Amino acid sequence: GGIITQTPKFLIGQEGQKLTLKCQQNFNHDTMYWYRQDSGKGLRLIYYSITENDLQKGDLSEGYDASREKKSSFSLTVTSAQKNEMAVFLCASSWGGAETLYFGSGTRLTVL
Amino acid sequence: GQQVQQSPSSLVLQEGENAELQCNFSSTATQLQWFYQSPGGSLVSLLSNPSGTKHTGRLTSTTVTKERRSSLHISSSQTTDSGTYLCAIDNTNTGKLTFGDGTVLTVKP
């Protein structure tokens, strides 16, 4: 089996700060995703990537950048952290299409 | 865009009782997945069921595509079933899932 590792588990930043979240997977999956989950809510898609160096915007991409430098890693940058962005950020990967998504354990973002 | 509505928003059961969770969606889904999110936050896929009925262990999912609804039945609930159950759909075949807000299930001993 494979695993998805997200770092850090907890991220604390100041308002206006640029912050980067990282995700690594060893499934050898083609597609990777970044979702945001606000407290008590479902997940919303920020960015996804179907292959190395590919980036596709989700519904919530404003205020975020992403980078897929290699097949196994997918990074998300909060360009200017805001208090209303405090949430859990979840990375996922799959073989693409209708295949099952596998999730990491998340990064909890706090903005002071 | 697509909308996914889940009901009830929360459910409390005694151990051994059955649970019935509902998911309604606004547009035709080519993919529908049920996920379990533990109290600690990790998310795992339970079932992929875009149409028909599927069973795995104590779980049964029935999706009626034309009526844009799916249900998840949990039989003989256990305390370890407590957590949040999320329904997600995709109608683009890209894996871009739209999630509902979930049903929080609490099973008491």
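All of the points below concern the structure found in this document. Quick caveat: nothing in here was measured; it's all calculated off a predicted structure.

### Re the overall build of chain B
Check the secondary structure of chain B and you find zero helices and eleven strands. For chain B, the N- to C-terminal ordering of α and β elements is β-β-β-β-β-β-β-β-β-β-β. Taking 109 residues into account, the globule formula puts the C-alpha radius of gyration at 13 Å, and chain B, at 13 Å, falls close to it. Along the first, second and third principal axes, the C-alpha set of chain B runs to 40 × 25 × 20 Å.

### Quick notes on the sheet that holds strand β8 (residues 73-78) of chain A
Residue and element names in this part refer to chain A. Strand order in the open sheet made by the four strands is β1-β3-β8-β7, with antiparallel pairing throughout. Among the strands making up the open sheet, the edge pair consists of β1 (4-7) and β7 (64-70). Averaged over all pairs of adjacent strands, the angle between strand axes in this sheet comes to 15°, irrespective of strand direction. Of the pairings in the sheet, the one linking β7 to β8 comprises five bridges and is antiparallel in character.

### Regarding the layout of surface pockets
Of the pockets and cavities examined, the largest pocket occupies roughly 650 Å³. If you trace the largest pocket, you find 31 residues lining it, with A:Gln37, A:Val88, A:Arg108, B:Gln37 and B:Gly41 closest to the centre. For the lining of the largest pocket, the elements supplying multiple residues, two or more each, are β9 (87-94) and β11 (107-111) of chain A together with β1 (4-7), β9 (83-90) and β11 (103-108) of chain B. Here the element with the most residues in the lining of the largest pocket is β11(A); it accounts for four residues. The residue inventory of the lining of the largest pocket, partitioned by class, reads nine nonpolar, 17 polar and five charged. Approximately 430 Å³ is the volume attributed to the second largest pocket. What lines the second largest pocket is a set of 18 residues, and nearest its centre among them are A:Leu43, A:Arg44, A:Asp59, B:Thr98 and B:Phe99. When contributions to the lining of the second largest pocket are tallied by element, the ones reaching two or more residues are β5 (43-49) of chain A together with β10 (98-99) of chain B.

### Remarks on the pattern of salt bridges
All names here are of chain A. If you walk through the whole model with that rule in mind, you get six salt bridges over all chains. Ionic pairing is found between Lys71 and Asp30, a salt bridge with its closest N-O pair at 3.3 Å. Of this pair, Lys71 sits in the loop between β7 and β8 while Asp30 sits in the loop between β3 (19-25) and β4 (31-37), and the two are 41 residues apart along the sequence. Salt-bridge contacts for Arg44 lead to Asp38; the nearest nitrogen and oxygen are separated by 2.9 Å. Asp38 gets classed as buried once you look at its relative accessible area, which sits at 18%. Linked through salt bridges whose partners overlap, the residues forming this network are Arg36, Asp38 and Arg44.

### A look at the state of the cysteines
For the structure shown, the criterion picks out two disulfides over all chains. The disulfide partner of A:Cys23 is A:Cys91, and the gap between their sulfur atoms is 1.9 Å. Between A:Cys23 and A:Cys91, the disulfide has an S-S torsion of -75° and is therefore left-handed. Taken together, the residues span a long stretch of sequence, with A:Cys23 in strand β3 and A:Cys91 in strand β9 at a distance of 68 residues. In this structure A:Cys23 comes out as buried when scored by relative accessible area, which is 1%. The partner cysteine of B:Cys23 in its disulfide is B:Cys87, sulfur to sulfur 2.0 Å. In this structure, the disulfide formed by B:Cys23 and B:Cys87 twists by about -70° around the S-S bond and is classed as left-handed. Pair noted here: B:Cys23 is in strand β3 (residues 19-25) and B:Cys87 is in strand β9, with a separation of 64 residues, a long-range link. Its relative accessible area of 0% is what places B:Cys23 among the buried residues. Judged by its relative accessible area of 0%, B:Cys87 falls in the buried class.

Cut-offs and rules
- Residues numbered from 1 in each chain as written.
- Chains lettered and ligands numbered in written order.
- Predicted model: local features only at pLDDT ≥ 70, side-chain atom pairs only at ≥ 80, totals over all residues.
- Heavy atoms only, no water.
- Helix = DSSP H or I, 4+ residues; strand = E, 2+ residues; numbered from the N terminus.
- Rg over C-alpha atoms; globule rule 2.2 N^0.38 Å.
- Pairing = 2+ DSSP bridges.
- Axes fitted to C-alpha atoms, helices over the stretch in contact; angles between N-to-C directions.
- 1 Å grid on protein atoms, 1.4 Å probe; cavity = no way out; pocket = protein on both sides within 12 Å on 5 of 7 lines; lining within 4 Å.
- Points joined across faces, edges and corners; volume = space filled by probe spheres on them.
- Nonpolar A, V, L, I, M, F, W, Y, C, P; charged D, E, K, R; others polar.
- Salt bridge = Lys/Arg side-chain N within 4 Å of Asp/Glu carboxyl O.
- Buried < 20%, exposed > 50% of the residue type's maximum accessible area, 1.4 Å probe, protein only.
- Disulfide = S-S within 2.5 Å.

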